[in-house]
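Spelled out, the chains give:
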Amino acid sequence: MIARAHPFDSRRVVGALFLAPALLYIVLIVGLPFLLAIAFGFSDVTVGNTDLNFVGLQNYLAVWENDIFRQVFETTVRFTLISQIFILIFANILAIIFTQNFTGKWFARFIFILPWATPVSLAMIGWLWMLDTKYSPIDYLLLQTGFLGPNGILSSNRNLFWLATPDLSQISVIFVQVWRMTPLATVILMAGLSSIPTDILDQAEVDGSRFMRTLLQIKLPLILPIMVIALLFSMITMFGDMTVVYVLTRGGPVDYTRVLGLYSFQVGIEGGNLAQGAAISLFAFPLLLAMAILMLRTASRAEVR
Amino acid sequence: MKRAIRLLIVFSMLAALGVGISAQGDYADGTEISLLQWSHFVPRYDEWFDAYAAEWGEANGVGVTVDHVNFTELFSTLAAEIDAGEGHTIVEVLFSPASFIDGLHDLRDINEQAMENWGERAATCQAASYLPVVDTYYAYTHGYVPDPGDYDIALWTDAGYPEGPKTYDDLLEGGRAIFESTGIPVGLGMSPELDSRMANRAAIWSFGGSVQDENENVVLNSEETIAAVKYLAQLQNEAMTDEVFGWTAASNNQGLIAGELSYILNSNSAYRSLQKIDEAAAANIGFTAALEGPAGAWASSHVWQIYVIPNYVEGDELAAAKQFILDHSANYSDATYYSELYNFPCHPSTVPELDGWLEEDPWGSMPPNKFEVLKTVNDWSVHLGFPGVTNPAISQVFAESVIPNMTAKVALGELSAEEAVAQAHERVEEIFSEWRAKGMVGGG
């Protein structure tokens, strides 16, 4: 008698079952709201009336003609790109350090991961205090050490006004984003470095390869695909983020730190124009999609090679 | 016991006024109402309110629950509940929710009942409840918060203004003198936050400018607005520091409490906070009415206490909610008292004790008549859409911080006043056009 094959013996069935929870999660938490946002963007919905009356491209055209939107879009792209450069540099350095053997490595790793593990709103309240226009502890230290004050090297004021001047407010926001996102990128890169077969590294050592040569010609090329994934995660998270600027600057001074997520919220929820808020947020989608495709292709090619 | 007696007196007064309180049992068994409102700046108010709501529920056979959240969450929660078609029975917001109008019940009946019972209401409240273009009362505004000037008495006395600045010229001259001699600046914000939005509007109105006229036409780009913006930029350059470009809503409170600002525009919140930690320092804080400008003296109310009932509320729940709102207004003496004179009544006749309290603060101010200047508040306290109504376009202009950003650009030297006002006018026109197309703004 031949035993009947159990459905769970099929790789396709089991694979689909394992994939189902993740797919369901994506459809419910990401897919449906995304489709709703698209529908809102082509309608005239307000916060008080979400009946979908189709208005075509009217919202998108109105948003594009809005000078503030164009500035906000440019700011979002600039903040994201500058942050990624620093995140990539710091994450690589830290990943290499944390994959070495040294005393206190686990504690150092634990401390380092905290910025990413801390709820972002809570962390931003901490930074809001650190960068306060009047009571910043950083300013206090600079004042005590002579960098600020009447004869100060940096300024004759008692404060640098971190979140109040155009340049410093932008630097502050980028710095905080780098602080927040670097741990995630580092952890991903550490996983990549740890997965490099030791025989390759041993062979390089036997062949007399020094640290920099091993790093540049062996380690970095091998972790390039995973580095691209880390960068993609970081970019997408940052591009859509509004919490950092909502807590720190609310987009100010003037519009210098206003980003797409925040502007979409201000127009759509606080201003009541839900349709236009949705349109603003969706402007990011084609750009992010193009970046994602490009980066995933790059990662794929690097992996094959 | 005291609370029970007070409640009894209130209900007796209501009966005498013909409000028509429903006797217990008028609502179907199991009728429940729920309220969502902010965690009041004065915790004592919430303690009083929660107990009052529970007692009202017991007296009327209605289950009452009250949820308090941070005020920044009110609009997003209301939007979510309207979209979901379920949620709280009554939601209290602090700024006009005119853009929610399609999702809200028309409260004409209780607004008219209130005016019949207690006479005309403060104009600042009326304009934050009624949208003329659709002839609808989308809300019931029960209270508002004055936004007087708070000044450091010692500093301004030394500068030759013992009663604080009375005009915008005084503010510039005196504020500059204080800044030059002590390094302590004036504190009018120019940042994308609530207090900055109010302070900038107050100056523009007092110089004769405004975002819209009384017929809801955009008139921002005017000589008067340009003059106000030039004034504010000069004030910032000569009597303030750059900190005002990065302020949060709490920054001016913190600065005044720390003795590091000579003058701010705010509710009594900064003063009350100081009173609780340093009575002597609090005694050094004085209040001024709206400053006189070339065209008058106007200031925005600080916030409004606005009740709305979403469309999904029906039947006995709706009836009970309306009754609760009216009864609450009838009991406004307690609301004003327990908010430590933060809440002012939209119907002044509901708080006959108010003038007496302003002459002698029941919460121990020194001197006791510190708030006497607020007796004239209804002469100068206006709303965001002044001299028109607060419509959805005005709310969006407010949310986008168009006005403080316009001023900040000039103060930072990025644009001339003429350029900044023209640029802001263009954005305001866009916003008005969009809402006008939806039929929710008049004029055009």
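Just so you know, these numbers come straight off a predicted model, no measurement behind them. (Residues numbered from 1 in each chain as written. Chains lettered and ligands numbered in written order. Predicted model: local features only at pLDDT ≥ 70, side-chain atom pairs only at ≥ 80, totals over all residues.)

## Looking at the overall build of chain B
Quick note on the threshold: Runs of E in the DSSP output that reach at least two residues are strands. Runs of H or I that reach at least four are helices, and both are numbered from the N terminus. The globule rule used here is 2.2 Å times the number of residues to the 0.38 power, and the radius of gyration it is set against is calculated over C-alpha atoms. Between the buried cut of 20 or more and the exposed cut of 12 or fewer other C-beta atoms within 10 Å of a residue's own C-beta lies the partly exposed class, and all C-beta atoms are placed from the backbone. Contact criterion: two residues are in contact if their C-beta atoms, reconstructed from the backbone, are within 7 Å.
Counting its secondary structure elements, chain B contains 19 helices and 13 strands. The C-alpha radius of gyration computed for chain B amounts to 22 Å, which stays within 12% of the reference 22 Å derived for 444 residues, consistent with globular compactness. Taken over the C-alpha atoms alone, chain B extends approximately 70 × 55 × 30 Å along its principal axes. Looking at chain B residue by residue over its 444 residues, the buried ones come to 57%. When contacts within chain B are restricted to residue pairs at least 6 apart in sequence, those whose partners lie at least 24 apart make up 75%.

## Let's talk about the overall build of chain A
Tallying secondary structure elements over chain A gives 13 helices and 0 strands in all. Taken from the N to the C terminus, the helices and strands of chain A come in the order α-α-α-α-α-α-α-α-α-α-α-α-α. In terms of C-alpha radius of gyration, chain A reaches 24 Å, well past the compact-globule figure of 19 Å for 305 residues. Once the C-alpha set of chain A is aligned to its principal axes, its extents read approximately 80 × 60 × 30 Å. When each of the 305 residues of chain A is scored for burial, the buried share is 37%. Considering only residue pairs separated by 6 or more positions, chain A has 66% of its internal contacts joining residues 24 or more positions apart.

## A word on the packing of helix 18 (residues 402-411) of chain B against helix 19 (residues 417-437) of chain B
All names here are of chain B. Rules: In this analysis an axis means a line fitted to C-alpha atoms, helices contributing only their contacting stretch, and an angle means the value between N-to-C directions, from 0 to 180 degrees. Throughout this description, any angle smaller than 35 degrees is read as roughly parallel, any larger than 145 degrees as roughly antiparallel, any in the 65 to 115 degree range as roughly perpendicular, and the remainder as oblique. By the definition used in this description, the sense in which the near helix is turned from the far one sets the handedness, with an anticlockwise turn below a right angle giving left-handed and a clockwise turn giving right-handed. Basically, the charged four are Asp, Glu, Lys and Arg, the nonpolar ten are Ala, Val, Leu, Ile, Met, Phe, Trp, Tyr, Cys and Pro, and anything else, Gly included, counts as polar.
Running from N to C, helix 18 and helix 19 point in directions that differ by 160 degrees, and their axes come no closer than 9 Å. In terms of axis orientation, helix 18 runs roughly antiparallel to helix 19. In this structure, helix 18 meets helix 19 at a crossing whose hand is right-handed. Contacts between helix 18 and helix 19 pair Val402, Ile403, Met406, Lys409 and Val410 from the former with Ala417, Ala420, Val421, Ala424, Arg427 and Val428 from the latter. Here the residues of the contact of helix 18 with helix 19 sort into 9 nonpolar, no polar and 2 charged.

## Notes on the sheet that holds strand 7 (residues 149-152) of chain B
All names here are of chain B. The cut-off we apply is this: Strand pairing is defined by DSSP finding a minimum of two bridges between the two strands.
Reading across from one edge, 8-7-9 is the order of the 3 strands in this open sheet, with antiparallel pairing throughout. The open sheet has two edge strands, strand 8 (263-265) and strand 9 (285-288), and neither has a second partner. Each adjacent strand pair in this sheet contributes to an overall mean axis angle of 25 degrees, direction not counted. Where strand 7 lies against strand 9, 4 bridges are found, and the strand directions are antiparallel. Pairing of Tyr151 across the sheet is with Gly286, part of strand 9.

## Some words on the interface of chain A and chain B
Accessible area lost when the parts come together is the quantity often used to give the size of an interface. Taken together, the contact between chain A and chain B spans 32 residues of the former and 36 residues of the latter. When residues in the side of chain A that touches chain B are grouped by element, the largest group, 4 residues, is from helix 11 (residues 260-270) of chain A. Per-class residue counts for the side of chain A that touches chain B are 10 nonpolar, 17 polar and 5 charged.

## As for the domain arrangement of chain B
All names here are of chain B. Worth spelling out the cut-off: Boundaries between domains were set according to an automatic or database domain assignment.
Split by domain assignment, chain B resolves into domain 1 (2-145 + 302-359) and domain 2 (149-301 + 387-437). Here the C-alpha centroids of domain 1 and domain 2 sit 30 Å apart. Between domain 1 and domain 2, the contact holds 19 residues from the first and 12 residues from the second. Each residue belonging to the side of domain 1 that touches domain 2 can be placed in one class, and the counts come to 14 nonpolar, 4 polar and 1 charged.

## Examining the sheet that holds strand 6 (residues 140-144) of chain B
Residue and element names in this part refer to chain B. Here 6 strands make up an open sheet; going across it, the order is 2-1-3-11-6-12 and the pairing mixed. Sheet topology places strand 2 (63-69) and strand 12 (344-345) at the edges, where each strand pairs with a single neighbour. Note that strand 1 (residues 32-38) and strand 2 share 7 bridges and pair parallel. Of the residues in strand 2, the one forming a bridge with Ser34 is Thr65.

## Thoughts on the environment of Thr124 of chain B
Residues and elements named next belong to chain B. Topologically, Thr124 is positioned in helix 5 (residues 123-126). C-alpha of Thr124 to C-alpha of Trp298: the two residues are 174 residues apart in sequence and 11 Å apart in space. With residues near it in sequence (within four places) discarded, Thr124 still touches Tyr144, Ser301, Ser381, Val382 and His383.

## A few points about the packing of helix 9 (residues 223-239) of chain B against helix 19 of chain B
All names here are of chain B. At a minimum axis separation of 9 Å, helix 9 and helix 19 run at an interaxial angle of 120 degrees. By the angle between their axes, helix 9 is oblique relative to helix 19. Between helix 9 and helix 19 the crossing geometry is right-handed. In this structure, helix 9 uses Thr225, Ile226, Val229, Lys230 and Ala233 to contact helix 19, whose residues at the interface are Ala417, Glu418, Ala420 and Val421.

## A few points about the pairing of strand 3 (residues 90-93) of chain B
Residues and elements named next belong to chain B. Neither face of strand 3 is left uncovered, since the one carrying Ile90 and Glu92 and the one carrying Val91 and Val93 both have all their residues buried. Both strand 1 and strand 3 contribute to a ladder of 2 bridges, which runs parallel. Within strand 3, the residue paired with Leu36 across the bridge is Val91. One ladder, built from 3 bridges, connects strand 3 with strand 11 (residues 304-308); its direction is antiparallel. Note that in strand 11 the partner of Val91 across the bridge is Val308.

## With respect to helix 12 (residues 274-282) of chain A
Across the 9 residues that make up helix 12 of chain A, a large majority, 9, are buried. Within helix 12 of chain A, burial applies to Leu274, Ala275, Gln276, Gly277, Ala278, Ala279, Ile280, Ser281 and Leu282 of chain A.

## Details of the nonpolar core
Keep this limit in mind: Only buried Ala, Val, Leu, Ile, Met, Phe, Trp, Tyr and Cys residues enter a nonpolar core, and they are joined through C-beta atoms within 7 Å.
Counting 205 residues, the largest nonpolar core has Leu189 of chain A together with Val229 and Val308 of chain B as its most contacted members. Here this core gets 10 residues from one element, more than from any other, and that element is helix 7 (residues 166-194) of chain A. Residues from two domains meet in this core; each of domain 1 (2-145 + 302-359) and domain 2 (149-301 + 387-437) of chain B gives at least three. Beyond its immediate chain neighbours, meaning those up to four positions away, Val229 of chain B contacts Met406, Thr407, Val410, Ala417, Ala420 and Val421 of chain B.

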